[in-house]
Amino acid sequence: MLHFFSSLRVRLISLVLITLIPAFGLTMYTSLEERQREIREVQENAERQANLIALDEQHLVDGTRQLLAALAEMSEVRYNTSECSAHLGSLLKHYNRYSNFGVIQLDGFVSCSALPTPGPINLGDRSYFSETVEFGKFSIGDYQVGRITGKRSINFGYPVLNETGHIQAVVFAALDLEWLSRTEMITEGQLPPGTTFSKIDSNGILIAHSPDPEKWIGQPVPEKFLLETVMESGNGVIVAPDSDGAMRIYAYSTVTSPLFTEKLYVILGIPEEAALAQVNGTFGRNVVILGIVAVLSLAAAWLGGDFFFLRRINLLIKTAKHLGAGDTTARTHKSISYGRSELSQLARIFDQMADSLEQREADLKSSNRELAIAYDATLEGWMRVLDLRHKETEGHTMRVAQMTVELARAMGMGEAEIKHTHRGALLHDIGKIGIPDGTLLKPDKLTPDEMRVMRQHPVLAYEMLSPIAYLQSSLDIPYCHHEKWDGTGYPRGLGGEQIPLAARIFAVVDVWDALRSDRSYRKGWPEEKVLDYIREHAGTHFDPQVVGIFLHLVKKS
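The paragraphs below set out a description of the structure included in this document. Bear in mind the structure is a predicted one, so any value in this text is a computation, not a measurement.

Two descriptors summarise a pair of aromatic rings, namely the distance from one centre to the other and the angle between the planes of the rings. All told, the structure shown has eight aromatic pairs when counted by the stated rule. Ring centres of Y95 and Y98 lie 6.1 Å apart, and the angle between their planes is 50 degrees; this geometry places the pair in the tilted category. Assessed through its relative accessible area of 28%, Y95 is described here as partly exposed. Overall, the relative accessible area of 5% leaves Y98 in the buried class. Ring centres of W512 and F550 lie 5.7 Å apart, and the angle between their planes is 75 degrees; on these two criteria the pair is classed as edge-to-face. Of this pair, W512 sits in helix α20 (residues 501-516) while F550 is found in helix α22 (residues 544-556), placing the two residues 38 residues apart along the sequence. Since its relative accessible area comes to 0%, F550 is described here as buried. Ring pairing ties together the aromatic residues Y95, Y98 and F101, which thus form one cluster. Here the basic side chain of K137 rests over the ring of F135, its NZ or CZ set 5.9 Å away from the ring centre.

Okay, structure coming up:
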């Protein structure tokens, strides 16, 4: 029994199961937390909007007070000259927030107006006029429909004093509520599509609304149940159907506005499906990913040989990191012994490379050229190891490396960069040493699961080579040669010029050589058929510019 549990396969399977069970639980918990967070964020948006409205309206009141104070000092207003209306009319063109300016004499009649009046207009019954005359200071009126403008507005009054300091008239400004509603709307793109914004008074009348403010301002709130809830609590959030039956998250908050003596309320109505779309999508995606990970992890754990395989790969990576950091004494044989397997051969070649580097560092520190030769010889050795492992693609690496260099040179790439491109072409399939033989050497087409495993080889290549400083500039091809121009490639889904140029060049050459070569599941294609395929996939799989130069190069040679 103890021997059974001492098996590495059993231990790994047990570890995978122990890890996956809480992972599924955490996914559920996280989804619920995210849902609550989204709802809280909607409430915070409503409160934030309420605070912004109060602040903006206070600034608006302060600005109007200053404007009217300036008008009250103007000679055209103080002395009620014939130019008064024309002057106010000119001023109105520059202040679209107001629907009118005017002057009211103490008898209540309008003596001067930015807009023409149909006849004598008496505004003596307006509250802002009465308060300004009575207290001699700036006053704010009630919600009204203007007798001159016919528009919904809030009027402001300011005393006009004579030389003795007594009130002789009242100058007023009419704030356009439709303009105010438009400025208080939520900026498009800040909230999900379909969001509604409302501001209501204590009687349930809409003071502002988005969308369609001109349709709703002055109308009662259509959702009666919502009005009762808002009036009762003042601040909160509920999930309920709207007038069309669609579920919405309603967040509401109280606004203390200097424009209104009574309380106002801001309401945001966000479609529940839109508000929680990201949360639901993330949860579904996480469940699918966890399921895939569980299947792949258990399958990998069951194959005991993979454990030892990965252990050796990790050791190679660790040794490569030490070597890349300058520790030339790092060796793989200190932890594992050589054998006859491909990995053992790779470890032997790797150690030989380390021996060569150490010797050259001690004896020939200034000889960068010889060091580069040693590296390139080692890379070719790695590729020969891969060719020995996968007979079907023997010679492929050297052919595509040579053709890639020719194409890169034809595209005007500099010689220094061509060297890195050549190394990257040699190493393009180095990640396949991490692919199980059952998948890599399978004579038939791969299943979807096997294809997902196979598609990991660019990532494995990156993980193996990135710690090696010498190869940092040669990673573009091993890591990105399966990316596609239209963004449908792997492993990162890069598209267009996001894909490094070296990888775009190599992608054309790699497909060209692969299609011309025989495989166990098909015969190699004729040259013309291959070139037709490359032409057809320019702009989807391949960079069109690279394809054009490649076809010219093939035709020329």
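The next point concerns the pattern of salt bridges. Any two side chains of opposite charge can pair, on the condition that their charged atoms come close. Tallied over the entire structure, the rule returns 13 salt bridges. A salt bridge links R504 to D543; the shortest N-O distance between them is 2.7 Å. On the criterion of sequence distance, the pair formed by R504 in helix α20 and D543 in the loop between α21 (527-536) and α22 is long-range, its members being 39 residues apart. Here R504 matches D543 in class, with each residue buried. Through salt bridges with shared partners, one network takes in R399, D513, R516 and E527.

Moving on to empty space enclosed by the protein. Rolled over the atoms, a probe with the dimensions of a water molecule shows which regions are left empty. A complete count under the given rule lists three cavities of 30 Å³ or more for this structure. Each pocket or cavity is described by its volume, and for the largest cavity that value is around 90 Å³. What lines the largest cavity is a set of 13 residues, among which Q144, G146, R147, I148 and N155 lie closest to the centre. Within the residue set of the lining of the largest cavity, elements represented by two or more residues are β4 (152-161) and β5 (167-176). Here the residues of the lining of the largest cavity are counted per class, giving five nonpolar, six polar and two charged.

For the rest of this paragraph, the subject is the packing of helix α14 (residues 396-410) against α22. Viewed as axis vectors pointing N to C, α14 and α22 meet at an angle of 110 degrees, and their least axial separation amounts to 10 Å. The angle between the axes of α14 and α22 places the two elements in the roughly perpendicular class. Considering how the two elements wind past one another, α14 and α22 form a crossing that is right-handed. On the side of α14, the interface is formed by M403, E406, L407 and A410, while α22 contributes V546, I549, F550, L553 and V554. In terms of residue class, the contact of α14 with α22 is made up of eight nonpolar, no polar and one charged.

A word on the pairing of strand β7 (residues 206-210). Burial of β7 is extensive: five of the five residues sit out of reach of the surface. Here four bridges tie strand β6 (residues 196-200) to β7, and the two strands are oriented antiparallel to one another. By the bridge assignment, F197 is partnered in β7 with S210. Taking the residues between adjacent antiparallel strands as the criterion, β6 and β7 are bridged by five residues, where G204 takes a positive phi near 80 degrees.

Conventions and cut-offs
- Residues numbered from 1 in each chain as written.
- Predicted model: local features only at pLDDT ≥ 70, side-chain atom pairs only at ≥ 80, totals over all residues.
- Heavy atoms only, no water.
- Phe/Tyr/Trp six-rings, centres within 6.5 Å; stacked < 30°, edge-to-face > 60°.
- Buried < 20%, exposed > 50% of the residue type's maximum accessible area, 1.4 Å probe, protein only.
- Helix = DSSP H or I, 4+ residues; strand = E, 2+ residues; numbered from the N terminus.
- Lys NZ or Arg CZ within 6 Å of the ring centre and 35° of its normal.
- Salt bridge = Lys/Arg side-chain N within 4 Å of Asp/Glu carboxyl O.
- 1 Å grid on protein atoms, 1.4 Å probe; cavity = no way out; pocket = protein on both sides within 12 Å on 5 of 7 lines; lining within 4 Å.
- Points joined across faces, edges and corners; volume = space filled by probe spheres on them.
- Nonpolar A, V, L, I, M, F, W, Y, C, P; charged D, E, K, R; others polar.
- Axes fitted to C-alpha atoms, helices over the stretch in contact; angles between N-to-C directions.
- Parallel < 35°, antiparallel > 145°, perpendicular 65-115°, else oblique.
- Left-handed = near helix turned anticlockwise from the far one by under 90°.
- Contact = heavy atoms within 4.5 Å.
- Pairing = 2+ DSSP bridges.

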